[in-house]
Amino acid sequence: PIMKTNPDAGVLISGHGALNKGLIAVLMNKPVKDFWTGIFMGNCAVNIFEISGDGIKHTDECVYFYPHE
């Protein structure tokens, strides 16, 4: 597993809105009724998670690295 061979590695998962919301819901153990909650994810929105022995933390939600509206 990557955590053993390179514990500081980053992993990029790319997808569209519904897939991204689904991944966030699973990672954060959200109930189905809260599937669409949270900030709207526009094009190229980045969500950042930290995964450690203590679990998963959603550190940044919908960060953009370019000017947008």
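Residues numbered from 1 in each chain as written. Predicted model: local features only at pLDDT ≥ 70, side-chain atom pairs only at ≥ 80, totals over all residues. Heavy atoms only, no water.

Caption draft 1: Representation of the packing of aromatic side chains. Throughout the structure, instances matching the rule amount to two aromatic pairs. Seen in terms of ring centroids, Phe35 and Trp36 are 4.9 Å apart; in terms of plane orientation they differ by 80 degrees. Their pairing is edge-to-face. When the ring of Tyr64 is compared with that of Tyr66, the centres are 5.9 Å apart and the planes differ by 85 degrees; the resulting orientation is edge-to-face. Judged by its relative accessible area of 35%, Tyr66 is partly exposed. (Phe/Tyr/Trp six-rings, centres within 6.5 Å; stacked < 30°, edge-to-face > 60°. Buried < 20%, exposed > 50% of the residue type's maximum accessible area, 1.4 Å probe, protein only.)

Caption draft 2: Region of the structure containing the side chain of Lys21. Take Lys21: it is sitting in helix 2 (residues 17-27). Comment: no salt bridge for buried Lys21; closest opposite-charge side chain is Glu61, at 4.6 Å. Sequence-distant contacts of Lys21, that is, excluding residues within four places in its chain, are made with Phe35, Trp36, Thr37, Gly38, Ile39 and Met41. (Helix = DSSP H or I, 4+ residues; strand = E, 2+ residues; numbered from the N terminus. Lys, Arg positive; Asp, Glu negative; His and termini not counted. Salt bridge = Lys/Arg side-chain N within 4 Å of Asp/Glu carboxyl O. Contact = heavy atoms within 4.5 Å.)

Caption draft 3: Spotlight on the pairing of strand 2 (residues 55-63). The pairing of strand 1 (residues 46-52) with strand 2 spans six bridges and is antiparallel. For Ile51, the partnering residue across the bridge sits in strand 2 and is Ile56. Taken together, strand 1 and the strand that follows it, strand 2, pair antiparallel across an intervening segment of two residues. (Pairing = 2+ DSSP bridges.)

Caption draft 4: Structural view of a nonpolar patch on the surface. Taken together, the side chains of Ile2, Met3, Val11, Ile13, Leu19, Leu23, Leu27, Ile51 and Ile56 present a nonpolar region at the surface, about 810 Å² in accessible area. Of all the elements in the fold, those that place two or more residues in the nonpolar patch are helix 1 (2-5) and helix 2. For the nonpolar patch, the leading source of residues is helix 2, giving three residues. For Leu23, the position within the fold is in helix 2. (Patch = residues over 30% accessible without salt bridge, like charges linked within 9 Å, V, L, I, M, F, W, Y side chains within 5 Å. Areas by Shrake-Rupley, 256 points an atom, 1.4 Å probe, with all protein chains shown as cover.)

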